[in-house]
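Chain and residue survey
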Amino acid sequence: MLWQISCRCVPRQLRQTRLAVAGKKMPAGITLLVLLFSFAAAAFGQAADTVPRFEAADVRAGTNGFFEGAVRARVEGERYVVRSATMVDLVAAAYGVKDSDVVDGPAWLEMDRFDVDAKLPPNTPQETVQKMLQSLLAERFNLVVHKDTRAQLEFVLTAGSGQPKLKAAAGTGDSGCRQQQQVSSDPGDIPEMDYSCRNITMADFAGSLQGLAPGYITQPVVDQTALKGPWDFDLHWTPIGGLKMAGPDGLTMFNAIDKELGLKLEQKTSSTPVLAVDSVNQKPGPNPPGTEKMLPPPPPLAFEVAVIKPSGPGEKDGGIRFSGDGLTIQNLPMKSLLSFAWALERDEDVAIAGIPKSLEGKSFDIDAKVDPAALAGSQVNMEAIQPMLRTLLISRFQIASHTEDRPAETYALVAAGPKLKKADPSSRTHCVAGPRPGEPSPRLTNRTLKRVFHCQNVTMAEFAAMLPDLGGAYLDDPIRDATGLAGRWDFTLAYSPQGQLNKGAVGSDPAQGGAAQVSDPNGAITLFEAVERELGLKLEKEKRPLPVLVIDHMLDAPVEN
């Protein structure tokens, strides 16, 4: 992978399933304003003539995706922009709660996505933007919500019965937990996780635990220790996949926190403040008359300066990096450049045809900048970068192209003795990483199963559509639903990423429709095996027409910068 970002419009090999959310560090140069404000006392029941509203707002259906991340919102001058947000995202942003605390409502709340373009007065405070978004949801979706409390299952970190075994930190230096270098060991040695935590608060430690031990901790951890100030400590535990090998000498994450820190990490059911959705329309109301005039399309951006040159012979690493006013690309093959610029969904090797042979094996560096005056105080973003890069490549390489459907080898999802559970039709439709809440992770019995998803209230058509995202490197092209299974279903899917497979273990089994199969001595399970063993479905190869970008003409080298 060259560079990763969560966006369905980006080639899958340049994508990751989720961008940073509030409180996490964003990739440099990407403005991603995730609106998480505190509750306003007057959020409910304000007089209609005193509620702030956007001057104009265009609300429409967005691109449906399954791992799109948090609300991607940004302010561009006097325009407020949201892309590919679920109703849960929008409600959480408008009322200042976590998306997990938006409860009830119809099943589609986490599935359907929406785009919003709205006009703002200059320098509108964030608190006012929040109330404007509340007004928009009420007026265009007839959203009705109320505050409530619910019993929810969560991980809670508390002080133990004795004295905590922590050392007060001096309060200087870097803060966080860092894994210590493991000394080379014999094959029979029991694996161990060894972390050194310095100058860290309990709130930050609790917030990091899911990332430190995802096999043990499947949900965010709430800090209820009441311990103030930064602390220093070390923590050692046996990884979840090594417990069987360790036997009685194994130390779980929970036992390590108890014995080594004098704290308790437990899963509890507690009463949590939530925001309940009473009712909401699935489709937004029409834009008021005059919206297009008040919200004309922004003028297209173009690079003011752009340098394109062949990559040096010694360059090894490649990637794409955004800055506030431009784009830097290093050592990227031409196919990858075209795939990114044209926002191709498929594997670039089959999605592009006609590139001159003289360009095969060649990579390029690009350094491009936008005139700061044209940005009007905002920053470049994915929505603008791809068409800008496409225009640049067309100009410098004199590209002429067209798109056509061509026969391609891909997969169909078929039934082979389904092992699925009928869904509660009132439950939320989603497919998310991790085991179902309250259920043990499959990683407890097989540490190679590093990809675990649970799907709830999904149709087979929806599952087939999400499989290329779920499957990562296993699948590139759209999957056709040929199961013939009606209704909605619940299930868990656990498989091993390709990096976990022993080299040479994967082959092609004609009896399985050509799907990659594996009998791996380390217990790894391919996506194809998991779909069949765990779900009673199969991925069978087939040929059908899929879109291809065809290059009709292209120079061997860019014209002079």
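Residues numbered from 1 in each chain as written. Predicted model: local features only at pLDDT ≥ 70, side-chain atom pairs only at ≥ 80, totals over all residues. Heavy atoms only, no water.

1. Thoughts on the overall build of the protein
The following threshold applies: Only DSSP runs of H or I reaching four residues or more are called helices, and only runs of E reaching two or more are called strands; each is numbered from the N terminus. Accessibility here uses a 1.4 Å probe with only protein chains present; expressed as a share of the type maximum, an area under 20% marks a residue as buried, one over 50% as exposed, and anything in between as partly exposed. For this analysis, residues touch if any pair of their heavy atoms sits within 4.5 Å. Per-residue and other accessible areas were derived by the Shrake-Rupley procedure at a 1.4 Å probe size, with only the shown protein chains allowed to occlude residues.
Within the protein, the secondary structure is distributed over 12 helices and 26 strands. The burial tally for the protein puts 49% of its 561 residues in the buried class. Here the analysis covers contacts within the protein between residues at least 6 apart in sequence; of these, 79% occur between residues at least 24 apart. Carbon and sulfur atoms form 52% of the exposed surface of the protein, whose accessible area is close to 26,700 Å².

2. Observations regarding the side chain of D101
Rules: We count Lys and Arg on the positive side and Asp and Glu on the negative side, and we leave His and both chain ends out. By definition, a salt bridge exists where a carboxyl oxygen of Asp or Glu is found within 4 Å of a side-chain nitrogen of Lys or Arg.
In this fold, D101 is placed in the loop between helix 1 (87-95) and strand 4 (102-104). In this structure D101 is buried but unpaired, with K98 as the nearest side chain of opposite charge at 4.2 Å. Leave out the neighbours within four places in its chain, and D101 touches Q152, T272, P273, V274 and L275.

3. Here's the deal with the nonpolar core
Short version of the rule: Take the buried residues of types Ala, Val, Leu, Ile, Met, Phe, Trp, Tyr and Cys, join any two whose side-chain atoms come within 4.5 Å, and each joined set is a nonpolar core.
With 37 residues, the main nonpolar core has F303, M334, L338, I366, L389 and L393 as its most contacted residues. Among the elements of the structure, strand 13 (303-310), strand 14 (319-323), strand 15 (326-333), helix 7 (334-341), strand 17 (363-370), helix 10 (382-397) and strand 26 (537-553) are those that each provide at least two residues to this core. At 8 residues, the largest contribution of residues to this core is made by helix 10. Those residues in contact with L338 that sit more than four places away from it in its chain are I352, I355, L393, I399 and I551. Counting residues in hydrophobic clusters, the runner-up holds 34 residues, among them A57, V59, M87 and F141.

4. Looking at the packing of aromatic side chains
This is how the line gets drawn: Centre distance within 6.5 Å is the pairing criterion for rings of Phe, Tyr and Trp, where only the six-membered ring of Trp is used; planes under 30 degrees apart are then read as stacked, over 60 as edge-to-face, and the remainder as tilted.
Taken as a whole and judged by the stated rule, the model has 12 aromatic pairs. Ring centres 5.0 Å apart and planes at 75° place the aromatic pair F205 and F233 in the edge-to-face group. Separated by 28 residues along the polypeptide, F205 in helix 3 (residues 202-212) and F233 in strand 11 (residues 231-237) bring together distant segments of the chain. Summarising the burial analysis for this pair, F205 and F233 share the class buried. Judged by centre distance (5.7 Å) and plane angle (75°), the rings of Y474 and Y495 are edge-to-face.

5. Observations concerning the state of the cysteines
For the record, the criterion: Cysteine sulfurs are considered disulfide-paired once they come within 2.5 Å of each other.
On inspection of all chains with the given rule, the structure shows 2 disulfides. Residue C177 pairs covalently with C197 via a disulfide, S to S 2.1 Å. In this structure the cystine formed by C177 and C197 twists about its S-S bond by roughly 115°; its chirality is therefore right-handed. Here C197 lies in strand 9 (residues 193-200) and C177 lies in strand 8 (residues 176-179), a separation of 20 residues in the sequence. Residue classification places C177 among the buried positions, given a relative accessible area of 18%.

6. Description of the pattern of salt bridges
Under the defined criterion, the tally for this structure stands at 24 salt bridges. When the shortest N-O distance is used, the salt bridge between D258 and K264 registers 3.2 Å. One connected set of salt bridges, linked through shared partners, spans D58, R60, R79, R83 and D117.

7. Focus: helix 7
Most of helix 7 sits inside the fold, with 7 of its 8 residues counted as buried. Restricting attention to buried positions, one finds in helix 7 the residues M334, S336, L337, L338, S339, F340 and A341. Within two residues after helix 7, A343 carries a phi angle of roughly 55°, on the positive side.

8. Description of the sheet that holds strand 19 (residues 421-422)
Strands pair in a sheet through their backbones, by hydrogen bonds, and they do so in one of two ways: parallel or antiparallel. Rules: Pairing between two strands is assigned when DSSP locates at least 2 bridges connecting them.
Pairing is antiparallel across the open sheet formed by 4 strands, whose spatial order is 19-23-21-20. This sheet does not close on itself; its edge strands, each paired only once, are strand 19 and strand 20 (430-433). Relative to strand 23 (residues 489-495), strand 21 (residues 451-458) runs antiparallel, the two being bridged by 6 bridges. Note that in strand 23 the partner of F453 across the bridge is L493.

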